[in-house]
Amino acid sequence: MIVTWGRPVDNGGAEIEGYILEKRDKDGIRWTKCHKKRLTDLRFRVTGLTDGHFYEFRVSAENAAGVGESSEPSIFYRACDALYPPGPPSNPKVTDTSRSSVSLAWSKPIYDGGAPIKGYVVEVKEATADEWITCTPPTGLQGKQFTVTKLKENNEYNFRICAINSEGVGESATIPGTVIAADKIEPPEIELDADLRKVVTVRASGTLRLFVTIKGRPEPEVKWEKAEGTISDRAQIEVTSSYTMLVIDNVNRFDSGRYNLTLENNSGKKSAFVNVRVLDSPSAPVNLTIREVKRDSVALAWEPPLIDGGAKITNYIIEKRESTRKAYATVTNNCTKNTFKIDQLQEGCIYYFRVLAANEYGVGLPAETAEPVKVSEPPYPPGKVTLVDVTRNTATITWEKPESDGGSKITSYIVEMQTKGSEKWSTCTQVKTLEATITGLSKGEEYTFRVIAINEKGKSDPRQLGVPVVAKDIEIQPSAELLFNTFSVKAGDDLKIDVPIRGRPPPTASWRKDGQTLKETTRVNVQTSKTSTLLTIKEASKEDVGNYELCISNSAGSTTFSITIIVLDRPGPPCDVHIDSVSADNVTLSWKPPVYDGGCHISNYIVEKRETTTTIWDVVSAAVARTSIKVARLTTGSEYQFRVYAENRYGRSTYIESPSVVAEYPFKPPGPPGTPQVVHATKTFMTVSWQEPVNDGGSKTSRIAWTLCEGELRTTSCKVTKLLRGNEYIFRVMGVNKYGVGEALESYAVKALDPFTVPNPPKSLEITSVTKDSMTLCWARPDSDGGNEISGYIIERREKNSLRWIRVNKKPVYDLRVKSLGLREGCEYEYRVYAENAAGLSLPSDTSPLIRAEDPVFIPSPPSKPKILDSTRSNITIGWTKPLFDGGAPVTGYTVEYKKTDETDWSIAIQNLRGTEYSVIGLTSGSEYVFRVRSINKVGASDPSDVSEPQVAKEREEEPAFDIDSEMRKTLIVKAGDSFTMTVPFRGKPVPNVMWNKPETDLRTRASIDSSDYCTSLTIEKATRNDSGKYALTLQNVLSTATLTLVVKVLDSPGPPSNIAVKDVTKESAVLSWDVPENDGGAPVKNYYIEKREASKKAWVTITNNCHRLSYKVTSLQEGAVYYFRVSGENEFEQLGMFADTETQDEIVGSNLKVEIPISGKPLPKTTLSRDGVPLKATMRFNTETTAEISQQIMLVLLLIINAIVFSYCRTPKKCSCHRYFQDVCQSFLDKTIL
C-alpha cells in the first residue's frame, strides 16, 4: 500500500527532520514500524503485507526535540490489488522548440493506480484560450516523449499530460508557465567525458571510438581534424544533432596524435581536442646514415623514431641484406644505442642495411639505406716492385697486386718518379696493368720509382722500388722462368705453355720436337714477344705427345730448355693376345699392355667372351688387374672367341680379339686295356690284373667323381643341404654290411626348388577406428598360405597426394589388427597389406578407401539450465553456460525456445546464436513463460536443456545493491601525485540515482565522476594528502537506499603541526609546543624538524631534525633578539611535511613588557586588571601603577602589541577574521580595565 499524509500544523519551533510510519493488523493489537530508515517524504510504500488482511496506519513527526504525538489512525484498508486511475506523470518538461513545434518529455507516474500504464494523452491550448485540444490518439501514446506540431510561430501555448491505465485517464501534469513556439538558439557546446579529457589509449589493431556529446541550435556544423596531419582514410565520422562519433578500425601507430573537434553555427563556434595514444610498435627510425665504411665493416647511425608507439624504445634491431639476395639477416637484436658497427662483412660485397626499433608491443617499421653500400676501402699498397728493363731513356717496372683491394676493384695504378737530389715526386704514367714503361729519361740520370693503387674509394699508400735506377743500356744473357719441365693436357683440350724470357737485347726463341724443328699448323702455333714465348696446341691429341726443346738466344749467348708434353686420353688397345691353355670348361689367355697408356696408369682390363654361334658378348670380368685371365665355366665342345679392353681414369680403349678356341680336353678317350688275367684265386675271391692301354688319349685314366653325403647313415631317409638353387642333382644309395659295400641305386635327376609358393594376398581390409593422429586396421587371412605357414603381415600406407607407399610396421605383425600412428590431422590416407611366408611376400591386398585423419564428432550435450537475468513487460533476458561436452567439434551456436506455462508447443526465439545470453522480445505483458536452450555443432543440435524457472513478463523491481568483493572494501593506498579511480558496479531496478560524497570536499570540482546504468567510477588526478579519507557512495531508487563507504589513504608528507605555541620564555631559551598534524600523510609522524630565524635575517637555521615529542626547549638564544620558529613533521615515507611557523610575537626574549593604559575620571577611578577573569596580583615580575598623567595614545600601543601577537598565527593578519577578533578582544579588555 502507498500511504500519504500532510505536514503537521505546528513543527514545535524546529524543522521537521523526518516521520515515523506505523501499521497495525486488524487482527492484532501491536503497532509495528513500517520502515527501517527515517522518512523525509510525505508518502511511503508499505510492503510485506498479508494478502486479504486489514491494516490501519498512523504517523509521527520528529524534530530536534524528539518524536511528537502520533496522528489519528487511518481507517482500515484491505491489502489487495486495487485499481484506480493513475497519478499525474512526473517531471514534465519542454525539451525543444521550433517555429512550428514543441517537444515534450516526462516520466512515468509515481502511482500507476495498481494497473500497468497503457499510454499517455498530450493536450495543448493557446495561452489565451480555454479549450484544451488532444494531440495524441484516443488510445494514448506509448512513449514518454512527444512533439506537438502545426503550431503558430511566436504564439504562447500551455501543455499538459495525462496517463492512462485500464481504469481510465488519470490526473494531468501541466507544463509550468507558457511555451512560445519559436526556434531555439543555442551556441555550440561540447561535452567531453572524463575519459576523453585524459589521454585515450588504444592497442594496435583495436578500434578507436571517440564519442562526444554536442549541443547547439541550429544544428552546428561538425568538423574533425588531426593536428599533425590528415585523418586516416579508415576513419568513419557519424554526426547527429546530439552527438558525433569518430571511429577508426584497425588503428596503428600513425593514428596517434591530437584530434581537434570544431562546432560552428550561427550562434558561435566551439572547439575541443582529444589526445590519442596508440599502443603499437614504433615507427621507423629517422635519419639513418652511413658513418664509416671499411673493407669488412660498416658503422651506422640513426635517430629515434618520431612515433614511439606509446611505450619506451627498449632496443633496436639491425639487419643486413646482400644485393643479390631478397631476405634480410639479423645482425643484432639488442642494440640500445643510436649507433652500431657491423663487423665480419664480406669484402667487396654490396649490402643494404635497415634498422627497426622495438618496444614492449613489438618491432616497428624499418628504416632502410636508400642506396646500396659497397663494403670496401682504399686498397693496400701494391706488392713487390721489380725493375724489368732499363735503357738510356726508358725504364720498365712491374709490381704485384696489393694484398687487399679494399673490397673494391683496382681501377688503375699511378707510377711516380723522383730524380736524385729532388724531394718532389712527379706522375710518370697511369696504367691498368701490373707493368709500366717510363719514357723520357735522361741518360746517366739516377731515378727512384714508386707505384700507387687506386679503387673507387681512393688511393693506397705508395710502394717504392727498392733501389735507384740509372738510365743506361745493358747486355744480359737470355734466361727463362720455366716453372715445370713436364706439361699434361686432357685430350681435346687446348694447351698453352707461356714461358717468360729475359735478356738484353731481347732474345729470339725457337721450338723443336723430337729433334726436329716444330712445324706450325692451324692447330699448333708459336707466338714470341720481347718478354715471353707462347706455345699453343689446340685440341690436343696423342700425336702431340713427345719431347720439346726451347732455345732462346741473343748477342750475349743462348740457352736451351727441355719440355715433355703428355696428352691425357683413353689408352690404346692391348697387344699380342694369345691362348695359353684350353680345357673342357676353361681357357687361359694372356696379352701385353698397350703401347700408349693415355698418359696415366692402366687401372684395369675388361675381358669379354662370346660363342662363335652368336653375336652377343658377355663380360667375363671388368676388373682384371694383370695381363692374363683364366675363363672358367665354359660349355664343353663350344667354340669361343675373346676380346680385351684396357681402361684408365679417362676411359677404356678399343678392343683386341683373340683367335677362336674350342673348350675341350686336350686329349682323346684312351684305348682298350690289356687282356685281364687271374693272378690269384681262392674259393672266396680272385685277383684280376690287366695292362694299361697302349694309347691313353693324351691324359692319365681317371673315374667319375661322386660327392659323399652321408657315410654311416642307419635310416632309410636323408636330408641333403647346401645345394645350389635351380641345379639338377642325381643321388645314389648303397647298402653296407660287414662284407662290404653293395651295388648303388641311382635316383632320377631332381632340380633343387622349394615345394611351396608365396601366399595369396590378404582380404577384407577395413578401417575400424579413426582419430586425428591414428587409424586402426583389420583384415582377414588370405585364401591360401602357399603351402607354408604365414609368418607375418606387412602394412603400408600412402597419403592422398603422394606417390610413395610408406611401411607402417617395422617388424612383421602376427595379428589381424594393427594401429597406424603418427598421422597428420586433416590428411587422407589409404592402406594395403601383404602376407609373408618362407617363400616371400604375397601380392598386396585391395587398397582401402581414402579415410581422413580426424577425431570422431557427435552432437554436443545440452547447455546448463537457463537463468532469468532481467525482465520487462515485453522482454525477458536469460543466460546459460556452455555444455560440458562439445561432441568433439566446436559449438557454433545456440537455439533458444520458449512457451507459456499453460501451453504445450515450444516456439523458437532465435537460432544459431553465438553468445550465452539472449533477450526474448515481443512477449505478452503479465503472462508467465519458461525457456530452454539447445547447443549446436557441425553435426547438429543437442537435446534441450532443463527448463528454466517460470517468469512473468513484467517490469522487474530490485533494491539497489553493490556488486563488489572483499578486495574492493579494503583501504585503497595511493602515492601522492598518482591518479586513482574507484569503479563500483551496482544493480537495481529502476536504475538508482548515484551520489558520491566526501566530508569537506566538493567532489564535483575535485574529481571526475562517470556513471552508467550498471557502474559508477570516481577518478582523482594527482592525489594529495587532502584526498585521504572516507568516500560515501549512495544508491537510491523508489524501493530503497544503499550506502557504501570506501577508504582512501594517500601516502604523502604530513600536514603542518597544529596549535604551535611559545611559552616559558627566558633571556636565552624558549619552549615550543604543538599538536600532531591533522593529516599525517598516511603514516604516523616519527619525528619533527624545528627551525629558527632571527627577525633581521631571511635564512632559517635548523635546530634539530630528530625531535620525537610534541614540545622542545630552544636554548642558546641571544638576549634581546626577536626570533621566529617553525615546526615540520616527517613520516615513514621519508616525506617532510609542511611547516607550521610562529612568526613569533614581537616579544623580546628576556626584556621587560610595559603597557600604559589611559584612564580618566574625577575623582580618580579605582583600577583592577584581570587575566582570563581572574584578578592579577602584584608580584616581583608583575605590578601596576595608576597616575593621572597617562596619555590616551597609550591605548594604541596595546593594540599594536596585539597586532604583533596576531602575526604569529596569520600570514595576512589585516585580511583575516582572526585579526579582527583579536582587535575586538583587545577593545573588550580595555573596556573591562577602564573602570
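Refer to the structure above for everything that follows.
Residues numbered from 1 in each chain as written. Predicted model: local features only at pLDDT ≥ 70, side-chain atom pairs only at ≥ 80, totals over all residues. Heavy atoms only, no water.

What about the overall build of the protein chain?
Right, on to step 1. The helix and strand inventory of the protein chain stands at five helices and 96 strands.
Right, on to step 2. Relative to the compact-globule value of 33 Å for 1235 residues, the protein chain shows a C-alpha radius of gyration of 61 Å, a clear excess of over 25%.
Right, on to step 3. Seen through its principal axes, the protein chain has C-alpha atoms that stretch 200 × 115 × 80 Å.
Right, on to step 4. For the protein chain, buried positions account for 37% of its 1235 residues.
Right, on to step 5. Taking the contacts inside the protein chain whose residues are at least 6 apart along the sequence as the reference set, 63% of them involve residues at least 24 apart.
Right, on to step 6. Accessible surface, the protein chain as shown: approximately 74900 Å² in total, 48% of it carbon and sulfur.
Right, on to step 7. Taking the average place of the 154 positive charges on the side chains of the protein chain and the average place of its 156 negative ones, the gap between the two points comes to 3 Å. (Helix = DSSP H or I, 4+ residues; strand = E, 2+ residues; numbered from the N terminus. Rg over C-alpha atoms; globule rule 2.2 N^0.38 Å. Buried < 20%, exposed > 50% of the residue type's maximum accessible area, 1.4 Å probe, protein only. Contact = heavy atoms within 4.5 Å. Areas by Shrake-Rupley, 256 points an atom, 1.4 Å probe, with all protein chains shown as cover. Lys, Arg positive; Asp, Glu negative; His and termini not counted. Charge placed at Lys NZ, Arg CZ, Asp CG, Glu CD.)

A closer look at unusual backbone geometry
Right, on to step 1. Following Lys989, the chain continues into Pro990 via a peptide bond in cis, with omega recorded as -5°.
Right, on to step 2. For Pro990, the position within the fold is in the loop between strand E82 (980-989) and strand E83 (993-997).
Right, on to step 3. In this structure, Asn287 takes a positive phi of about 55° despite not being glycine.
Right, on to step 4. Examined against the element boundaries, Asn287 turns out to sit in strand E24 (residues 286-293).
Right, on to step 5. Overall, Asn287 belongs to the partly exposed group, its relative accessible area being 48%.
Right, on to step 6. At Lys722, a position not held by glycine, the phi torsion is positive, near 60°.

Some points on a nonpolar patch on the surface
Right, on to step 1. Residues Val678, Val688 and Trp690 make up a contiguous nonpolar surface patch of roughly 320 Å² in combined accessible area.
Right, on to step 2. Looking at where Val688 falls in the secondary structure, it is placed in strand E60 (residues 686-689). (Patch = residues over 30% accessible without salt bridge, like charges linked within 9 Å, V, L, I, M, F, W, Y side chains within 5 Å. Salt bridge = Lys/Arg side-chain N within 4 Å of Asp/Glu carboxyl O.)

A look at the pairing of strand E67 (residues 792-799)
Right, on to step 1. Of all eight residues in E67, six are buried, a share of seventy percent or more.
Right, on to step 2. Sheet topology note: the E67/strand E70 (residues 828-837) ladder contains eight bridges and is antiparallel. Across the sheet, the residue bridging to Ile794 is Tyr834, located in E70.
Right, on to step 3. One ladder, built from two bridges, connects E67 with strand E68 (residues 806-807); its direction is antiparallel. Bridge pairing in E68 places Glu796 opposite Arg807. (Pairing = 2+ DSSP bridges.)

Looking at the pairing of strand E91 (residues 1101-1107)
Right, on to step 1. Across four bridges, strand E90 (residues 1085-1094) lies against E91 in antiparallel orientation. Across the sheet, the residue bridging to Tyr1088 is Cys1107, located in E91.
Right, on to step 2. Between E90 and E91, which pair antiparallel one after the other, the connecting turn spans six residues.

A word on the side chain of Ser532
Right, on to step 1. Counting through the fold element by element, Ser532 comes out in strand E47 (residues 532-537).
Right, on to step 2. Excluding residues within four positions of it along the chain, Ser532 makes contact with Asp498, Val499, Pro500, Ile501 and Gln527.

Quick word on the pattern of salt bridges
Right, on to step 1. Tallied over the full model, the rule gives 36 salt bridges.
Right, on to step 2. A salt bridge links Arg160 to Glu123, with the nearest nitrogen and oxygen atoms 2.4 Å apart. One end of the pair, Arg160, is in strand E13 (residues 156-165); the other, Glu123, is in strand E10 (residues 119-126), and 37 residues separate them in sequence.
Right, on to step 3. Here Arg253 makes a salt bridge to Asp280, at a shortest N to O gap of 3.9 Å. With a gap of 27 residues between them, Arg253 in the loop between strand E21 (243-248) and strand E22 (257-265) and Asp280 in the loop between strand E23 (268-279) and E24 connect regions that are remote in the sequence.

Digging into the nonpolar core
Right, on to step 1. Ile497, Val499, Trp511, Leu535, Ile563 and Ile565 are the most contacted members of the largest nonpolar core, which has 23 residues in total.
Right, on to step 2. Put simply, the parts of the chain that give this core at least two residues each are strand E42 (486-490), strand E43 (495-504), strand E46 (524-528), E47, strand E48 (546-554) and strand E49 (557-568).
Right, on to step 3. Leu535 has contacts with Leu495, Lys496, Ile497, Trp511, Leu518, Val524, Asn525, Val526, Tyr548 and Ile565, leaving out every residue within four places of it along the chain. (Core = buried A, V, L, I, M, F, W, Y, C linked by side-chain atoms within 4.5 Å.)

Points about the packing of aromatic side chains
The geometry of an aromatic ring pair is captured by the separation of the ring centres together with the interplanar angle, meaning the angle of the planes.
Right, on to step 1. Taken as a whole and assessed by the stated rule, the structure comprises 19 aromatic pairs.
Right, on to step 2. Aromatic side chains Trp302 and Tyr316 sit 5.4 Å apart centroid to centroid with 65° between the ring planes, which places their arrangement in the edge-to-face category. With Trp302 in strand E25 (residues 298-303) and Tyr316 in strand E26 (residues 315-322), this pair connects stretches of sequence that are 14 residues apart. For the pair Trp302 and Tyr316, a shared accessibility class is recorded, and that class is buried.
Right, on to step 3. Ring centres of Tyr640 and Phe642 lie 6.4 Å apart, and the angle between their planes is 25°; this geometry places the pair in the stacked category. Judged on exposure class, the residue Tyr640 and its partner Phe642 are both buried.
Right, on to step 4. Clustering of aromatic rings is evident, with ring pairs tying together Tyr898, Tyr929 and Phe931. (Phe/Tyr/Trp six-rings, centres within 6.5 Å; stacked < 30°, edge-to-face > 60°.)

Observations concerning the sheet that holds strand E85 (residues 1015-1020)
Pairing between the strands of a sheet comes from backbone hydrogen bonds, and it takes one of two forms, parallel or antiparallel.
Right, on to step 1. Here we have four strands laid out as an open sheet, ordered E80-E82-E85-E84, and antiparallel in their pairing. Strand pairing shows two members of the sheet lacking a second neighbour, strand E80 (958-962) and strand E84 (1008-1011), which therefore form its edges. Neighbour to neighbour, the strand axes of the sheet diverge by 15° on average, direction disregarded.
Right, on to step 2. Pairing analysis gives six bridges linking E82 to E85, with the strands arranged antiparallel. (Axes fitted to C-alpha atoms, helices over the stretch in contact; angles between N-to-C directions.)

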